[in-house]
Amino acid sequence: MRRHLLSVDDVDADEIAALLATATEMHDVQRRQVKKLPALRGRTVINLFFEDSTRTRSSFEIAGKWLSADTVNITGKGSSASKGESLRDTVRTIAAMGVDALVIRHGASGSAQQVAQWVDASVVNAGDGTHEHPSQALLDAYTLQQRMGPLEGRHVVLVGDLTHSRVFRSNVKCLTKLGAEVTAVAPPTLMPSGVEAWSREAGFATSYDLDEVLPKADAVMMLRVQRERMAGGYFPSAREYTVGYGLTRDRLDVLGPDVPICHPGPMNRGLEIAADAADAAQSLVLDQVSAGVAVRMAILYHLLAGEDS
Ligand code: NCD
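Just so you know, these numbers come straight off a predicted model, no measurement behind them.

Asker: Could you clarify how one ought to interpret the overall build of the protein chain in this entry?
Answerer: Helix and strand counts for the protein chain stand at 12 helices and nine strands. On C-alpha atoms alone, the protein chain measures out to a radius of gyration of 19 Å, which is about the 19 Å that the 2.2 N^0.38 rule sets for 309 residues. For the C-alpha atoms alone, the extent of the protein chain along its principal axes is close to 55 × 45 × 35 Å. Classification of the 309 residues of the protein chain by burial places 55% in the buried group. Of the contacts formed within the protein chain by residues at least 6 apart in sequence, a portion of 74% connects residues at least 24 apart. Per element, the accessible surface of the protein chain, about 13,200 Å² overall, is 48% carbon and sulfur. A gap of 6 Å separates the mean positions of the 32 positive and 38 negative side-chain charges of the protein chain.

Put into structure tokens, the structure is as follows:
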């Protein structure tokens, strides 16, 4: 693996397989009473979050701690960024303390790439604007694999606000690398511009018709309507969005009880996913959260542990 994890482009299919294999071992540690490995003793991991987060930030922190790294959390609001310090000065200040890895979430697409050029530490992209969220895609692949076995040839349907979704962009790359068939479903206003060329090149399908695609799905991933990234109206009303693209009770019946349902969270219950679907036996939402720690342990381990560890 390269020094940084900025995009799913940084890992090939073999490296993804190796990471997910390590994550399986890390998941065993997670189930123990004493959750501690010495692998990253003496290493320092800084979580630098300029956007809100519940799952990603806490799971990176727990992952670092369980590997015995020293972890520090810094949020945009509580840092000197709120006094007007530039991103470059903030990260160079932190890096000057001698950190080994910087996990960064920032509202600007491309920010993680930029940060990697400014510091010697390993940089992990924990979400940069609408661009990528590679650790989420890896944990989604891990969760699906645990449930379904190898994803090669399996049909995964990604539904929702794809325009604003970094989870979508990373997942398309990761799932296609693993040989899955992917269909991206969104209303025309929330289908990313340029998707035709990208889908042709990357080999995934697109559709505006959820009801046509759903019966052919082996797994469904619902993605959040990201109102905080929307200026203006992308759909007439919440009700119309749900009627066209929500995973409703009726669509759950079409899906059948064995098709896993994923959502990276946070969920808009009643908008993109009905409570019945979110809480169904086939829902993997909490499995994804649990896998998040194991997969992030694997990422930190692969980036920071020496060959001899
Ligand atoms: C995602 C994110 O922040 O991009 N959430 C997450 O990391 N669990 C998806 C989202 O916010 O909808």
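Asker: Is there a simple way to explain helix α12 (residues 285-304) in this structure?
Answerer: Helical geometry: 3.6 residues make up each α-helical turn, so side chains three or four residues apart lie on a common side. Under the 1.5 Å per step criterion, the end-to-end length of α12 is 29 Å for 20 residues, consistent within 8% with the ideal 28 Å. Maximum bend of α12: about 30°, positioned at alanine 291. Of all 20 residues in α12, 14 are buried, a share of seventy percent or more.

Asker: How should the domain arrangement of the protein chain be read in this particular structure?
Answerer: Quoted interface sizes are often the accessible area lost when the parts come together. Here the domain parsing of the protein chain yields domain 1 (8-133 + 289-304) and domain 2 (134-285). A separation of 25 Å is found between the C-alpha centroids of domain 1 and domain 2. Listed per partner, the contact involves 30 residues of domain 1 and 27 residues of domain 2. Here domain 1 meets domain 2 over a buried area of about 2,300 Å², counting both sides, of which 60% is carbon and sulfur. If you sort the residues of domain 1 by the area they bury against domain 2, Val8, Thr130 and His133 come out on top, with a joint share of 27%. Scanning the region where domain 1 abuts domain 2 turns up four salt bridges. Residue lysine 173 is joined to glutamate 132 by a salt bridge in which the shortest nitrogen-to-oxygen separation is 2.5 Å. Here domain 1 and domain 2 share 16 residue pairs in polar contact (both at pLDDT 80 or more) between them. Contributing elements (two or more residues each) for the side of domain 1 that touches domain 2: α1 (13-30), α2 (55-66), β3 (101-106), β4 (122-128) and α12.

Rules and cut-offs
Residues numbered from 1 in each chain as written. Predicted model: local features only at pLDDT ≥ 70, side-chain atom pairs only at ≥ 80, totals over all residues. Heavy atoms only, no water. Helix = DSSP H or I, 4+ residues; strand = E, 2+ residues; numbered from the N terminus. Rg over C-alpha atoms; globule rule 2.2 N^0.38 Å. Buried < 20%, exposed > 50% of the residue type's maximum accessible area, 1.4 Å probe, protein only. Contact = heavy atoms within 4.5 Å. Areas by Shrake-Rupley, 256 points an atom, 1.4 Å probe, with all protein chains shown as cover. Lys, Arg positive; Asp, Glu negative; His and termini not counted. Charge placed at Lys NZ, Arg CZ, Asp CG, Glu CD. Expected span 1.5 Å × (residues − 1). Bend = angle between axes of the 7 residues up to and from the residue. Domains from an automatic or database assignment. Buried area = accessible area lost by both parts, 1.4 Å probe. Salt bridge = Lys/Arg side-chain N within 4 Å of Asp/Glu carboxyl O. Polar contact = N/O pair within 3.5 Å; in protein donor to acceptor, adjacent residues only side chain to side chain.

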